[in-house]
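Fold and geometry: a report
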Amino acid sequence: MLLPSLAIIFGLILLVYSADKFVEGASATAKHAGMPSLLIGIVIIGFGTSAPEMVVSAMAAVDGNPSLALGNAYGSNITNIALILGVTALISPIAVQSQIIRKELPLLLGVTLLAGWQLYDGFLSTLDAVILLLVLFALMGWSVKQGLSQRQDILSSEVDSELAIHPMPLKTALFWLVTGLILLVISSRILVWGAVSIAQTLGVSDLIIGLTIVAIGTSLPELASSVMAAKKGEHDLALGNILGSNLFNTLAVVGIAAGIHPLQVEADVLYRDWMLMLALTLGLLIMGIGLKGQGRISRIEGLLLLVVYFSYTGYLGYSVIFPQL
């Protein structure tokens, strides 16, 4: 198991590095092309942080391990809300001011409900994949429209601040855009090989590996960007990273994986993983919109999210050690 373990460690390190450079290069290239800052925040940064999940899941599906891809997508969504927003809120309570973010929250809930409806029959077909990708394209169109029509949203100024910190000449931006994508593919291939090898050696399902080790690893870019944004007071950018990533995971990551390799879905995915993802998404909607005044994720709520995450991960570990119980 030494070589697969080293492959996972090296693959994760290279994955996080390449994802960061890919997003930086894509954002700077978009800025040079004259794209509005708000649109960069919604599309490039928000969805771009899901590039690791997308590439890892595509590679897993190509290799005939679609359960790893599904576990990666849903596990990343759970990790994003419960772990990353939990840690971020503990560092700095998240105040939601952006109207775009407020509109994305119910969209994420709707997309999550769509995912549950598709999982209900225990199979993700090519048609399911097409539906997910069509919804993604519609959502991308909506995002572009919002980015062009509401340029003065608070998210726009936060994106400008981030781009000013990491200025890049066009040639450098293009270099990292292409190089980052190539490294993403290479690191994903290494990571998937290591994860599948360890799963086969330990007799653990690809789904569990995807929900835990791979999901945490591919969510590291979101963790880094959200924590840094929160420390700078860029709360809407921190939350926007998570919302964009979860939308992209549910639609693009699962859609691409099911399109490459339709798969049978274990009942646990619906009744354990999706149900928790739905509950977390609903809780995030309530906290983000705010039933009494401004939307806000407090330190206490952040702590509760962390308790949920570690309880869930502990349960997964317990089910692996004592599968008969």
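Throughout what follows, the structure given in this document is the object of discussion. (Residues numbered from 1 in each chain as written. Predicted model: local features only at pLDDT ≥ 70, side-chain atom pairs only at ≥ 80, totals over all residues. Heavy atoms only, no water.)

As a further point, take helix H12 (residues 267–289). Look at H12: 32 Å from first C-alpha to last across 23 residues, which is about the 33 Å you get at 1.5 Å a residue. The largest bend in H12 is about 35°, located at Trp274. Following H12 by one or two positions, Gly290 adopts a phi angle in the positive range, close to 85°. (Helix = DSSP H or I, 4+ residues; strand = E, 2+ residues; numbered from the N terminus. Expected span 1.5 Å × (residues − 1). Bend = angle between axes of the 7 residues up to and from the residue.)

Let us now look at empty space enclosed by the protein. Over the atoms rolls a probe the size of a water molecule, and its path tells where empty space is left. Inspection of every chain in the model, using the stated rule, returns 2 cavities of 30 Å³ or more. Residue lining of the second largest cavity: Ser67, Leu70, Leu207, Leu263, Gln264, Val265, Glu266 and Val269, and that is the complete set. Contributing elements (two or more residues each) for the lining of the second largest cavity: helix H4 (66–91) and strand S3 (263–264). (1 Å grid on protein atoms, 1.4 Å probe; cavity = no way out; pocket = protein on both sides within 12 Å on 5 of 7 lines; lining within 4 Å. Points joined across faces, edges and corners; volume = space filled by probe spheres on them.)

What follows is about the packing of helix H8 (residues 170–202) against helix H9 (residues 206–218). Relative placement of two packed helices is described by the angle separating their axes and the distance separating the axes. Packing of H8 against H9 leaves a shortest axis separation of 10 Å and a crossing angle of 140°. Note that H8 runs across H9; the crossing there is right-handed. Side by side, H8 and H9 meet where Leu191, Ala195 and Ala199 of the first sit next to Asp206, Ile209, Val214 and Thr218 of the second. Of the residues belonging to the contact of H8 with H9, the class tally is 5 nonpolar, 1 polar and 1 charged. (Axes fitted to C-alpha atoms, helices over the stretch in contact; angles between N-to-C directions. Left-handed = near helix turned anticlockwise from the far one by under 90°. Contact = heavy atoms within 4.5 Å. Nonpolar A, V, L, I, M, F, W, Y, C, P; charged D, E, K, R; others polar.)

Our next topic: the environment of Thr250. With respect to the element layout, Thr250 can be found in helix H11 (residues 235–260). Under the relative-accessibility criterion, Thr250 is labelled buried at 1%. In sequence terms Thr250 and Gly314 are 64 residues apart; their C-alpha atoms lie 24 Å from each other. When sequence neighbours within four positions are dropped, the list of residues in contact with Thr250 reads Asn77, Val111, Ala115 and Leu132. Engagement of the side chain of Thr250 in a polar contact is seen with the backbone oxygen of Asn246, the distance being 2.9 Å. (Buried < 20%, exposed > 50% of the residue type's maximum accessible area, 1.4 Å probe, protein only. Polar contact = N/O pair within 3.5 Å; in protein donor to acceptor, adjacent residues only side chain to side chain.)

Tracing the sequence through the fold places Asn77 in helix H4. Engagement of the side chain of Asn77 in a polar contact is seen with the side chain of Asn249, the distance being 2.9 Å. Asn77 has contacts with Ser245, Asn246, Asn249, Thr250 and Met277, leaving out every residue within four places of it along the chain.

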